[in-house]
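The chain contents come next:
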Amino acid sequence: MKKFIFFLLLFATVLFTKSCSKSDSITYDTDSINYDPGSNSAVNLKSVTKNYFNSTNSLYASEKLNFQNQKLINSQWGNGGYVNYEYNNQNLVSKISEFKANGDVFEIIDYTYDGMGRITEVNYNNPLAQPISNYTFTYNSNEIIIKSFNSIIVKMTINSDKEIIAEEIISVDGNAYDDSRNITYTYENGNLLACSRINPISNILETNYYTYRNEKNDHNYRKFLFGEEWKMNSTLDLFWRGQNLYGVNQMFMTENLISSYINSIGTTHIDYLFNEENQLIKETTITPESINGRYEYIYEYN
């Protein structure tokens, strides 16, 4: 799994190495296959198998997620490791326990929520990394304040549609911090249209752009973990994990299915295949030639 996470982080970092220009107009693909945009075909989800291929088309990581009664119960990694999921009385994931192939604990993550089902605290415990890493999330009218165990405080500005429109570090080790990156997010019709930042080293504006299909984003299994607030909870969950680098994963928490994301190094395409019952059965992500990777998600239903 570590190898997989490293590849994702490397991919996310490369996407923001250059700036790019494109008209700020959202684009939709219409080549759907007998799909009703209003349906929610994820209800009867049985499993999702994730396969990750490198530049030589070799499988370097795989994971199978198993669902029961609209909950993600467990998953198995191709290397023999496995993950168990537990839920609270709000039907929200409260504990994720990951184990090595030999049964030793690899990591444990505990989640706490408020009465509205929003994440308020995360405790990450890795036996090899002490002490426990703690993250807290405080919600104000138009912002979320995130405090991390390493004394960094981040402010996320929220619009009336509960979308993150800006992000900045405001404090480090108790001292005010001037975040010159100026990270901003732009949306249209509930979809992330673009995210930008100033590169603190080159002082150049860097921007990613996103396009979408007509189909609604009804197939995302993370709603079974995080409930009604699954989009924001998922974004914050990816953020503390370090996987939500300037919108690379936030784009999947959108109103429509994403079709592509674009940077000057190239375009990453995401293709979908539906069965005759309008259920998503395959999702394929193809990265630019300079990265030359491919991810395949296979969906099975009861």
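Here, the structure is the one placed above.
Computed from a predicted structure; not experimentally measured. (Residues numbered from 1 in each chain as written. Predicted model: local features only at pLDDT ≥ 70, side-chain atom pairs only at ≥ 80, totals over all residues. Heavy atoms only, no water.)

A. Seen up close, the nonpolar core. Formed by 61 residues in total, the largest nonpolar core has its most connected members in Val93, Tyr111, Phe137, Ile144 and Met156. The biggest single contributor to this core is helix α3 (residues 230-240), with six residues. For methionine 156, the contacting residues outside a window of four places in its chain are Asn142, Glu143, Ile144, Ile146, Ile164, Ala166, Glu167, Leu236 and Phe239. (Core = buried A, V, L, I, M, F, W, Y, C linked by side-chain atoms within 4.5 Å. Buried < 20%, exposed > 50% of the residue type's maximum accessible area, 1.4 Å probe, protein only. Helix = DSSP H or I, 4+ residues; strand = E, 2+ residues; numbered from the N terminus. Contact = heavy atoms within 4.5 Å.)

B. Spotlight on the pattern of salt bridges. Tallied over the full model, the rule gives 12 salt bridges. Of the charged contacts, one joins glutamate 206 and arginine 197 as a salt bridge, the two residues approaching to 2.8 Å between their closest N and O atoms. Relative accessible area serves as the criterion here: at 1%, glutamate 206 is assigned to the buried category. When its relative accessible area of 11% is taken as the criterion, arginine 197 is described as buried. Between glutamate 215 and arginine 213 there is a salt bridge; the shortest N-O distance is 2.9 Å. Just as glutamate 215 is buried, arginine 213 falls in that class too. (Salt bridge = Lys/Arg side-chain N within 4 Å of Asp/Glu carboxyl O.)

C. Layout of the pairing of strand β18 (residues 266-274). Across the two faces of β18 the burial differs, with Gly266, Thr268, Ile270, Tyr272 and Phe274 buried and Thr267, His269, Asp271 and Leu273 not buried at all. Taken together, the four bridges between strand β17 (residues 256-263) and β18 define a ladder with antiparallel strand orientation. In the strand pairing of β18, tyrosine 261 is matched with threonine 268. Counting the residues that bridge the hairpin from β17 to β18 gives two residues. In this sheet, strand β19 (residues 280-286) lies alongside β18 in antiparallel orientation, the contact comprising six bridges. Along β19, the bridge assignment pairs phenylalanine 274 with leucine 280. (Pairing = 2+ DSSP bridges.)

D. Inspection of the packing of aromatic side chains at higher detail. The full count for this structure, using the stated rule, is 12 aromatic pairs. Centroid distance tyrosine 111 to tyrosine 113: 6.5 Å. Interplanar angle 25°. Geometry classified as stacked. A relative accessible area of 10% places tyrosine 113 in the buried class. Between tyrosine 210 and tyrosine 261, the ring centres sit 6.3 Å apart and the planes meet at 40°, which makes this aromatic pair tilted. Residue tyrosine 210 is located in strand β16 (residues 205-216), and its partner tyrosine 261 is located in strand β17; the two are separated by 51 residues in the primary sequence. Feature note: the residues Tyr52, Tyr60, Tyr295 and Tyr297 constitute an aromatic cluster, connected by ring pairs. Positioned over the ring face of tyrosine 139 is arginine 118, at 4.2 Å from the centre of the ring. (Phe/Tyr/Trp six-rings, centres within 6.5 Å; stacked < 30°, edge-to-face > 60°. Lys NZ or Arg CZ within 6 Å of the ring centre and 35° of its normal.)

E. Focus on the environment of asparagine 214. Within the element layout of this structure, asparagine 214 appears in strand β16. Note: C-alpha distance between asparagine 214 and isoleucine 258 (44 residues apart in sequence) is 9.1 Å.

F. Structural context of the environment of lysine 231. Here lysine 231 lies in helix α3. The exposure class assigned to lysine 231 is partly exposed, which follows from its relative accessible area of 28%. Linking lysine 231 and glutamate 163, residues 68 residues apart in sequence, is a C-alpha distance of 9.2 Å. Among all residues touching lysine 231, those that are not within four sequence positions of it are Met253, Thr254 and Glu255. Only 3.3 Å separates the side chain of lysine 231 from the backbone oxygen of threonine 254, close enough to count as a polar contact. (Polar contact = N/O pair within 3.5 Å; in protein donor to acceptor, adjacent residues only side chain to side chain.)

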